[in-house]
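Topology and contacts: notes
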Amino acid sequence: MGKRDDLIAQYADDLKNKCGVDPDMDLLTKVTIGCGPAIYDADAATVAASQDSELETVKQNFLIKKLGLPDGPDLMEAINKVVETYGKSERNKYRAVVYYMLTKHFGKESVYG
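**A look at the overall build of the protein**
Counting its regular elements, the protein contains 5 helices and 0 strands. For the protein, the sequential pattern of α-helices and β-strands runs α-α-α-α-α. The C-alpha atoms of the protein give 13 Å as radius of gyration, which agrees with the globular expectation for 113 residues (13 Å, within 12%). The principal-axis extent of the C-alpha atoms belonging to the protein is close to 40 × 35 × 25 Å. Across the 113 residues of the protein, 41% fall into the buried class. When contacts within the protein are restricted to residue pairs at least 6 apart in sequence, long-range pairs at least 24 apart make up 64% of them. Carbon together with sulfur atoms contributes 47% to the accessible area of the protein, which is approximately 6100 Å² in total. Separation of charge centres in the protein, based on 15 positive and 18 negative side chains, amounts to 2 Å.

Rules and cut-offs
Residues numbered from 1 in each chain as written. Predicted model: local features only at pLDDT ≥ 70, side-chain atom pairs only at ≥ 80, totals over all residues. Heavy atoms only, no water. Helix = DSSP H or I, 4+ residues; strand = E, 2+ residues; numbered from the N terminus. Rg over C-alpha atoms; globule rule 2.2 N^0.38 Å. Buried < 20%, exposed > 50% of the residue type's maximum accessible area, 1.4 Å probe, protein only. Contact = heavy atoms within 4.5 Å. Areas by Shrake-Rupley, 256 points an atom, 1.4 Å probe, with all protein chains shown as cover. Lys, Arg positive; Asp, Glu negative; His and termini not counted. Charge placed at Lys NZ, Arg CZ, Asp CG, Glu CD.

This is the structure in C-alpha cells:
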C-alpha cells in the first residue's frame, strides 16, 4: 500500500474510534484526494481548531469554494459541531476527516461524484 492508502486507513480509524462515524470509504478516498498534497505536510494535514483564522480558512476555501455553499452563520456552526464531534482535546484533527464530516453534514457528497 502507498502512503495515501495508509493515511486513508488512519482517517477511517479516526472517524470510527474518535468520531463514532462508520466511514463511506469511497467518499473518504475522494475527499482525501481532493485535499491534494496537503495531506503529506505535517502542518497542512491537520486543522488547528483553536485558531479562528484556520476555521475561517476551512469555511472560505472548503465550504464556500469547494462545496459551493452560501456564506452564513450555519457554516461556522457546522465547523464547530465537527470539531466538537472530533473532540476538542484531540490534538491532531486531520483535515481530510474534518472535510469528510462537513461534506456529510451538508449532504454535498455529489461534489465528489
